[in-house]
Each structure stands twice: as C-alpha cells, then as structure tokens.
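Structural description and commentary
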Amino acid sequence: SDRLCEAHYWFSTLGLLVMFVDLTIVGVLQGFSWATLENWDISVVKSIPYWSVRLVAGLGIIAGQICFFVNILMTYRMQAASGEPATEATATTTV
C-alpha cells in the first residue's frame, strides 16, 4: 500500500539521519577527548547521554523495516489470492 511504503521511507530516512548526526557528534566529542589524552573510560562516560538518541533512531529504522516487510507480505498475499503469476508488472502495482 502507498501508506506503508511512505511510512517505510520516512521511518527509515529519519532514523538513518538522526543516527548519522548522533554518531557524528559523539565521534567528534570522543576524538577531542582522546586528543586531550583522557582515558578511554572517560570518553565512553561522556557518550552515555547520546545512547538514548541512538535507541530512538534505531527503533525508527526497525519500524521502517517492519512496514516494508508487511507491505511485501500484503502484496504477495494479494497476488497469490488473484492467481496471477509474479511478474514485474504485478510487483509494481499499487495494492
């Protein structure tokens, strides 16, 4: 369906974008921490607040993949119920 396809797109896109920004910020902060010769443990402690952002971004990515799987499953079931052989034309039609 179009709604599931759009949900898959937006959940995946926003999840990847948030993950990219979060990992970039934490990577720069850890790099500065290592440049000042702080222990590795301290840099990990400084990155703990960003883990919740990564969790939310990861859940968004997983939600997008679930939408994708459900959409593929619905398309397969609809195609199987109609008795048509699977072709490119049936795979690209709107369900």
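Residues numbered from 1 in each chain as written. Predicted model: local features only at pLDDT ≥ 70, side-chain atom pairs only at ≥ 80, totals over all residues. Heavy atoms only, no water.

**Here's the deal with the packing of helix H1 (residues 2–35) against helix H2 (residues 40–47)**
In plain terms, the rule: Helix axes use the C-alpha atoms of the stretch in contact, all axes being lines fitted to C-alpha atoms, and the angles between their N-to-C directions lie in the range 0 to 180 degrees. Numbering of helices and strands runs from the N terminus; a helix is a DSSP stretch of H or I covering at least four residues, while a strand is a stretch of E covering at least two. Any angle that falls under 35 degrees is termed roughly parallel, while one over 145 is termed roughly antiparallel, one within 65 to 115 roughly perpendicular, and all others oblique. Two helices cross in a left-handed way if the nearer one is turned anticlockwise from the farther one by less than a right angle. They cross in a right-handed way if the turn is clockwise. In this description, contact between two residues means that some pair of their heavy atoms is separated by no more than 4.5 Å.
It is the contact of H1 with H2, at a shortest axis distance of 9 Å, that shows an interaxial angle of 150°. The pairing of H1 with H2 is recorded here as roughly antiparallel in orientation. H2 is crossed by H1, and the crossing has right-handed handedness. Contact residues: Val 26, Gln 30, Ser 33 and Trp 34 in H1; Trp 40, Ser 43, Val 44, Lys 46 and Ser 47 in H2.

**Section: H1**
Stated formally: The span expected for a helix works out to 1.5 Å for each residue beyond the first. Per-residue accessibility, obtained with a 1.4 Å probe over protein chains only, is compared with the maximum for each type, and a residue is labelled buried under 20%, exposed over 50%, and partly exposed between these values.
Taking 1.5 Å of rise per residue, 34 residues should cover 50 Å, and H1 covers 49 Å from first to last C-alpha, within 8% of that figure. Within H1, the full set of buried residues consists of Leu 4, His 8, Ser 12, Gly 15, Met 19, Asp 22, Val 26, Gln 30 and Ser 33. Residues of H1 that are buried make contact with H2 and helix H3 (51–82). Just downstream of H1, Leu 37 is the residue with a positive phi angle, here 65°.

**So, H3**
Its 32 residues place the ends of H3 47 Å apart at the C-alpha level, agreeing with the 46 Å of an ideal helix rising 1.5 Å per residue. For H3, the set of buried residues is Ala 57, Gly 58, Gly 60, Gly 64, Cys 67, Asn 71, Thr 75 and Gln 79. Of the residues flanking the end of H3, it is Gly 83, one or two places downstream, whose phi is positive at about 80°.

**Thoughts on unusual backbone geometry**
Here the phi dihedral of Leu 37 falls at roughly 65°; this positive angle occurs in a residue that is not glycine. The topology assignment puts Leu 37 in the loop between H1 and H2. Residue class for Leu 37 comes out exposed when judged on its relative accessible area of 74%.

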